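# Remarks on the overall topology
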Amino acid sequence: MDKFLNRFEVMLLQKNKKKKKACTYTLMLVPHSGQGIKQLHIPDFMVKGLQFFGAGLALVAMTMLFHYSSTIYRAQAEKAELQHLREINTVQVSQIQQLAQTTMVLQEDMQRVNKLDNEVRKLVGMDQSEMVQVSRGIANRPVVESSGGQGGPEDTPDVQQLTYVVEQIKREVVIRENSLTTLRDSIATRQAQAASTPSIWPTSGEISSGYGYRRSPWGWGRQFHEGVDIAAEWGTPISAAADGEVVFSGWNGGYGKMVVIDHGNGISTAYAHNASNYVAVGQRVSKGEYIADMGSTGASTGPHVHYEVRIGGERVNPLDYM
């Protein structure tokens, strides 16, 4: 029992000590003027509260400092990025202006091509309706203007405007290509027709007898001469009057040695009284190609070539095709 009481007393003493230690804090103020010392008693819970408050304040300050540092870093990064974007934008504006200049030059080139196309069509006598339609499309198209050499405020075309104009130019290129292809084909057809249409003298010399009625060279009455006679020296070269295919080369009665060429479209030419023929049936010949030598074979009074032009089998005046 005594031991238990002693132990209980020890526990009470320790508890009292703890209470005394956790009680208050005394702050002593000693004036230099010799006045009495002042004491300020601060409870333990206030001291602990001040400690917690200081720790919280320090934490808040550190958080704010970290946030401020992060904000500064982001601001510097955004500033650098903004500067980079400004540089890119400056380059892009310059490129867009150059593209606008190029596009304007392309438009001017297209207008010159259209004008040239129109002029060529007029020269070859083709229909102008397609050209009028394309010209109207050009007239209605918005023109991209650059900032150089012009008045008014600077206004750089945007990408959408340039894209629209480029698409317009692409469409016009297709139209112009089709138009020029048609023009080329038409000119090629006309050239082929011209090449296959008799238009040159078949030989050099003088016309000794024209087309139509004449006095018979054999001394009896009048007769109809179905061609022209061109007289020159024996062996003078005879040439094809147009492109075509040889359909006859040989002896033909009073015509003597004769060459007949089919030029297509119902047109053919004949060359008679030749001394020699140098082409064969089925052979393709070109306008001006050497086909025979002048002679006096068959019913002939002297060296010459009897030249005929036949349209649909009917003999016509060769002078209209010479």
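Residues numbered from 1 in each chain as written. Predicted model: local features only at pLDDT ≥ 70, side-chain atom pairs only at ≥ 80, totals over all residues. Heavy atoms only, no water.

## Points about the environment of methionine 258
Mapped onto the secondary structure, methionine 258 falls in strand β9 (residues 257-264). The class for methionine 258 is buried, based on a relative accessible area of 1%. Note: C-alpha distance between methionine 258 and alanine 275 (17 residues apart in sequence) is 9.2 Å. When sequence neighbours within four positions are dropped, the list of residues in contact with methionine 258 reads Phe248, Ser249, Gly250, Asn252, Ala270, Tyr271, Ala272, Asn274, Asn277 and Arg310. (Helix = DSSP H or I, 4+ residues; strand = E, 2+ residues; numbered from the N terminus. Buried < 20%, exposed > 50% of the residue type's maximum accessible area, 1.4 Å probe, protein only. Contact = heavy atoms within 4.5 Å.)

## Side note on the packing of aromatic side chains
A ring pair, where both rings are aromatic, is described by two values, the distance of the centres and the angle of the planes. Scanning the entire structure with this criterion turns up four aromatic pairs. Aromatic pair tyrosine 211 and phenylalanine 224: ring centres 5.3 Å apart, planes at 85°, arrangement edge-to-face. Of this pair, tyrosine 211 sits in the loop between β3 (206-209) and β4 (212-215) while phenylalanine 224 is found in strand β5 (residues 222-225), placing the two residues 13 residues apart along the sequence. Exposure remark for tyrosine 211: the relative accessible area of 28% places this residue in the partly exposed category. (Phe/Tyr/Trp six-rings, centres within 6.5 Å; stacked < 30°, edge-to-face > 60°.)

## Some thoughts on the nonpolar core
If you look at the biggest cluster of nonpolar residues, it comprises 17 residues, and the most contacted ones within it are Ile238, Val259, Ile261, Tyr271, Val285 and Ile291. At the level of elements, β6 (228-231), β9, β12 (290-294) and β13 (304-311) are the ones that each hand at least two residues to this core. Setting aside anything within four residues of it in sequence, one finds isoleucine 261 in contact with Ala240, Gly244, Glu245, Val246, Val247, Ile267, Ser268, Thr269, Tyr271, Val285 and Ile291. (Core = buried A, V, L, I, M, F, W, Y, C linked by side-chain atoms within 4.5 Å.)

## Remarks on unusual backbone geometry
Here asparagine 265, not a glycine, exhibits a phi torsion of approximately 55°, which is positive. Looking at the secondary structure, you find asparagine 265 in the loop between β9 and β10 (267-277). In this structure, histidine 273 is a non-glycine residue whose phi angle is positive, near 70°. Here histidine 273 is to be found in strand β10. Given a relative accessible area of 6%, histidine 273 falls into the buried group.

## Re a nonpolar patch on the surface
A contiguous nonpolar surface patch, about 250 Å² in accessible area, is contributed by Leu27, Leu29 and Leu40. Tracing the sequence through the fold places leucine 29 in strand β1 (residues 24-29). (Patch = residues over 30% accessible without salt bridge, like charges linked within 9 Å, V, L, I, M, F, W, Y side chains within 5 Å. Areas by Shrake-Rupley, 256 points an atom, 1.4 Å probe, with all protein chains shown as cover. Salt bridge = Lys/Arg side-chain N within 4 Å of Asp/Glu carboxyl O.)

## Regarding the pairing of β10
Taken residue by residue, a regular strand's side chains alternate between the two faces of the sheet. With respect to burial, β10 is a largely interior element, nine of its 11 residues being buried. In terms of strand pairing, β9 meets β10 through six bridges, oriented antiparallel. Each residue of the ladder has a partner; that of valine 260, found in β10, is alanine 270. Counted between consecutive antiparallel strands, the loop separating β9 from β10 contains two residues, among which asparagine 265 sits at a positive phi close to 55°. Direction of pairing for β10 relative to β13: antiparallel, over a ladder of six bridges. In the sheet register, alanine 272 faces β13, and the bridge partner there is histidine 306. Bridging between β10 and β12 involves three bridges; their strand directions are antiparallel. The residue of β12 that forms the bridge with serine 276 is aspartate 293. (Pairing = 2+ DSSP bridges.)

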